[in-house]
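# Structural description and commentary
Here is what each chain is made of, one letter per residue.
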Amino acid sequence: MAAAPAAAGSGAGRGRRAAATVAAWGGWGGRPRPGNILLQLRQGQLTGRGLARAVQFTETFLMERDKQSKWSGIPQLLLKLYATSHLHSDFVECQNILKEISPLLSMEAMAFVTEERKLTQETTYPNTYIFDLFGGVDEMIRLDEVPNLSSLVSNFDQQQLANFCRILAVTISEMDTGNDDKHTLLAKNAQQKKSLSLGPSAAEINQAALLSIPGFVERLCKLATRKVSESTGTASFLQELEEWYTWLDNALVLDALMRVANEESEHNQGASEENGLPHTSTRTQLPQSMKIMHEIMYKLEVLYVLCVLLMGRQRNQVHRMIAEFKLIPGLNNLFDKLIWRKHSASALVLHGHNQNCDCSPDITLKIQFLRLLQSFSDHHENKYLLLNNQELNELSAISLKANIPEVEAVLNTDRSLVCDGKRGLLTRLLQVMKKEPAESSFRFWQARAVESFLRGTTSYADQMFLLKRGLLEHILYCIVDSECKSRDVLQSYFDLLGELMKFNVDAFKRFNKYINTDAKFQVFLKQINSSLVDSNMLVRCVTLSLDRFENQVDMKVAEVLSECRLLAYISQVPTQMSFLFRLINIIHVQTLTQENVSCLNTSLVILMLARRKERLPLYLRLLQRMEHSKKYPGFLLNNFHNLLRFWQQHYLHKDKDSTCLENSSCISFSYWKETVSILLNPDRQSPSALVSYIEEPYMDIDRDFTEE
């Protein structure tokens, strides 16, 4: 997960950071400071000190903000709104003030606050400027240096703990400058070597400090799964508020409005008790609606922290605790009522935004929830907690019918920790995924979450569980019939399709049944060929499946081989050579990232399978001819030689990556290493060595990786 981007600002001393930390949740005792909350908000906005949604903005930030936004009238309007929002105030007047505030906040402030988040799809967390708590983070605060941290955190109530998570979002995330060069594998490898000599980072130390606090993760799980009692009545004022919160800049005024709502609720409750009658005014529903919004903001903070911990060094420890404290069943129970709750069709949409824009807390909660599922399921046997008991029995029945052993992780799953109810969390996710509009940004995250369930060693039962629920047809509809244009969504759907179809004859039969015309198949190929960086994982999975099917003696497999357009297309040597040439040509050592390194591994899969068939020299000779036909002899094979040298340095020291390669391809890692060594053989007499196909005048294989 990408760390929140650092805001501009100079570094600050430890004392100043500690003071800001105290301010974030109203002092160490957690009690709010005296005085009118809106006056505090006004003072905070004008001076950079004080309350601003529990975040203390720096003066640098305020100056930059004032350049882009019309803030002068907002504090006065908020004061006016507060003055006219008492028990017997005129609703029309309140509504008019809201209409006056909304364009200032939503179109100016929200655009500024969210602009930096739009630069990358990975960064969807709303606390972009929480770094200003520390006046700009040149040096990360160390939680292990906070006196009595354990007792302090243990004494927080739930609201204080949620506010504390806003700060943790910074202190447990690795600092990231946002420079693209830092994201190349070359740079990451260099940074890892440097980190080994320096020891654990401040973020890793902070994660360990939090996990050492007794009951900390358990309390986070309880806060994340806490239910919100929603009003069942329908009232016009409540509906108005549900629409208006999408207009207001929640990041700046939500806390203030929440305090006002709580004060009004207490006032109304006291008046009702004096009269001896329940208070039925629509005003009594205002605080409940704000509490729902506040709960969403809390859960955002907590889910982010849990997600970061799941990806840290103590991942297995966090996994055990999250399972034990039933986070997944709790989120399953909240799915319909809060996480994926329905909204009124009349909900207002900001100018320049759409209903699926990720600016609102509701949208961001959904994305953070999907990211958590992705981290939870990825290469871990606890992924089966996303199912309920009936669905686990279904997996067992699939294995029994296919006459294959049950998945060991399914047998070892603690049935007391799985989802309850009629549907598990994975099934609920599939249902909303299939209903998602074509232009929805959720499609990317949904596909990533489901794909993580399939990652690792290929499981026929897992694939059939999803195939029976129409997932393959949904993916093909999105790729072919809707002709999806989003590169991110296409990549996630191609990756998911590859995992769903790999080695599965039934999946290829379903594919051929859906792609039943040449016209549809040509659209599918056009999508694949439009960007191999996005589709290469599917190409790899189909190539591996073809190799396995060709070595099986089975009537069902033979039928699929003879009928499936996709398998027939991939089986042609010119097709494989075209993919191989392009895969090698679109990557270079200096531009390799975690996203496009898969192109290198897919090219290796094609050559490893050729080696198995003793056709490796043929493929290298064809690459040489293609080089000459493109009028740049030696360029491709020199590049490939450098890429393979980097591959050796990168993968021979990373156990996790090598295990992933082995599990996903069903090719032993020793065979990967042997093939790379054969290709890099310096003997020009070897028919399987790259140097044998690079003419001497064009030889350039010893260039240092750091050279441009």
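Residues numbered from 1 in each chain as written. Predicted model: local features only at pLDDT ≥ 70, side-chain atom pairs only at ≥ 80, totals over all residues. Heavy atoms only, no water.

### A look at the overall build of the chain
Inclusion rule: Under the DSSP-based scheme used, a helix requires at least four consecutive residues in state H or I and a strand at least two consecutive residues in state E, with every element numbered from the N terminus. Using the Shrake-Rupley algorithm and a 1.4 Å probe, accessible areas are obtained, with residue cover drawn only from the displayed protein chains.
Scanning the chain from N- to C-terminus turns up 34 helices and zero strands. Summing over all exposed atoms, the chain offers an accessible surface of approximately 31,300 Å²; the carbon and sulfur share of this is 51%.

### Focus: the nonpolar core
Most often, soluble globular proteins have nonpolar side chains that are buried together. So the rule is basically this: By nonpolar core is meant a set of buried Ala, Val, Leu, Ile, Met, Phe, Trp, Tyr and Cys residues that side-chain atoms within 4.5 Å join together. Burial status follows relative accessibility: with a 1.4 Å probe on protein chains alone, a residue under 20% of its type maximum counts as buried, one over 50% as exposed, and anything between as partly exposed. Between two residues, a contact is recorded if the distance between any of their heavy atoms is within 4.5 Å.
One finds F369, F524 and L566 to be the most contacted residues of the largest nonpolar core, which totals 173 residues. For this core, the leading source of residues is helix α13 (residues 285-310), giving 14 residues. Residues within four places of F524 in sequence aside, it is in contact with L476, I479, V480, F494, L497, F511, L538 and L566.

### Here we look at the packing of aromatic side chains
A ring pair, where both rings are aromatic, is described by two values, the distance of the centres and the angle of the planes. What counts, and what does not: Here a Phe, Tyr or Trp ring, Trp counted by its six-membered ring, pairs with any other such ring whose centre lies within 6.5 Å, and the pair is stacked when the planes are under 30 degrees apart, edge-to-face when over 60, and tilted otherwise. The criterion for a charge sitting over a ring is simple: Lys NZ or Arg CZ within 6 Å of the ring centre, and within 35 degrees of the ring normal.
Summed over the entire model, instances satisfying the criterion amount to 15 aromatic pairs. An angle of 85 degrees between the planes, with centres 6.1 Å apart, marks the rings of F521 and Y569 as edge-to-face. Placement of the pair is F521 in helix α25 (residues 518-530) and Y569 in helix α28 (residues 565-571), with a sequence separation of 48 residues. Its relative accessible area of 7% is what places F521 among the buried residues. Ring-pair connections join several aromatic residues into one group, and the members of that group are F335, W340, F369 and F442. Over the ring of F453 we find K383; its NZ or CZ atom is 5.0 Å from the centre of that ring.

### Looking at the confidence of the model for the chain
As a reminder of what qualifies: A residue's pLDDT is the confidence the predictor assigns to it, expressed on a 0 to 100 scale.
Here the chain shows a mean pLDDT of 77. Residues at 70 or above account for 67%. Within the model, pLDDT remains below 50 along residues 1-39, and this stretch shows 88 contacts once partners closer than five positions in the same chain are excluded. The low-confidence segment residues 230-261, where pLDDT is below 50, has 87 contacts with residues more than four positions distant or belonging to other chains.

### Notes on helix α20 (residues 442-454)
Here is the rule we go by: Given the number of residues in a helix, its expected span is that number minus one, multiplied by 1.5 Å.
Between its first and last C-alpha, α20 extends 19 Å over 13 residues, near the 18 Å set by a 1.5 Å rise per residue. With 13 of 13 residues buried, α20 is to be regarded as a mostly interior element. Within two residues after α20, G456 carries a phi angle of roughly 100 degrees, on the positive side.

### Observations concerning the packing of helix α32 (residues 635-651) against helix α34 (residues 669-679)
Keep this limit in mind: With axes taken as lines fitted to C-alpha atoms, and helix axes fitted only over the stretch in contact, angles between N-to-C directions fall between 0 and 180 degrees. Helix crossings are classified by the rotation of the near helix relative to the far one: an anticlockwise turn of less than a right angle makes the crossing left-handed, while a clockwise turn makes it right-handed. Under the grouping applied here, Gly and all other residues not named as nonpolar or charged are polar, the nonpolar ones being Ala, Val, Leu, Ile, Met, Phe, Trp, Tyr, Cys and Pro and the charged ones Asp, Glu, Lys and Arg.
Where α32 contacts α34, the two axes come as close as 10 Å, and the packing angle between them is 145 degrees. Here the hand of the crossing between α32 and α34 comes out left-handed. Residues F640, L644, W647, Q648 and Y651 of α32 form the contact with α34, whose own contacting residues are F669, W672, K673, V676, S677 and L679. Here the residues of the contact of α32 with α34 are counted per class, giving eight nonpolar, two polar and one charged.

### Observations concerning the pattern of salt bridges
Worth spelling out the cut-off: The rule for a salt bridge is simple: a side-chain nitrogen of Lys or Arg has to be within 4 Å of a carboxyl oxygen of Asp or Glu.
Evaluation of the coordinates by the stated rule reveals 20 salt bridges. Residues E394 and K468 are paired through a salt bridge, measuring 3.3 Å at the closest nitrogen-oxygen approach. Pair noted here: E394 is in helix α17 (residues 389-402) and K468 is in the loop between α21 (460-467) and α22 (471-481), with a separation of 74 residues, a long-range link. Its relative accessible area of 18% is what places E394 among the buried residues. One salt bridge connects D534 with R487, and the closest N-O pair in it is separated by 3.0 Å. Residue D534 is found in helix α26 (residues 532-550), and its partner R487 is found in helix α23 (residues 487-501); the two are separated by 47 residues along the sequence. In this structure R487 comes out as partly exposed when scored by relative accessible area, which is 32%. Shared partners join several salt bridges into a network, and the residues in it are D378, R448, E451, R455 and D495.

### Focus: the environment of L426
By the element assignment, L426 lies in helix α19 (residues 425-435). Setting aside its immediate chain neighbours within four residues, L426 contacts L386, L387, V450, F453, F465 and L466.

### Brief notes about helix α10 (residues 216-225)
α10 sits mainly inside the fold: eight of its 10 residues count as buried. Of the positions making up α10, those classed as buried are F216, V217, R219, L220, C221, L223, A224 and T225.

### What about the side chain of S603?
With respect to the helices and strands, the residue S603 is situated in helix α30 (residues 597-612). Look past the residues within four positions of S603 in its chain and what remains in contact with it is L580, L583, I584 and F640.

### A word on the environment of S668
Counting through the fold element by element, S668 comes out in the loop between α33 (655-665) and α34. Given a relative accessible area of 33%, S668 falls into the partly exposed group. Residues S668 and S658, spaced 10 residues apart in sequence, show a C-alpha to C-alpha distance of 9.4 Å.

### Focus on the environment of I367
In this fold, I367 is placed in helix α16 (residues 361-377). The spacing of I367 and L300 is 67 residues in sequence and 9.5 Å in space, taken between C-alpha atoms.

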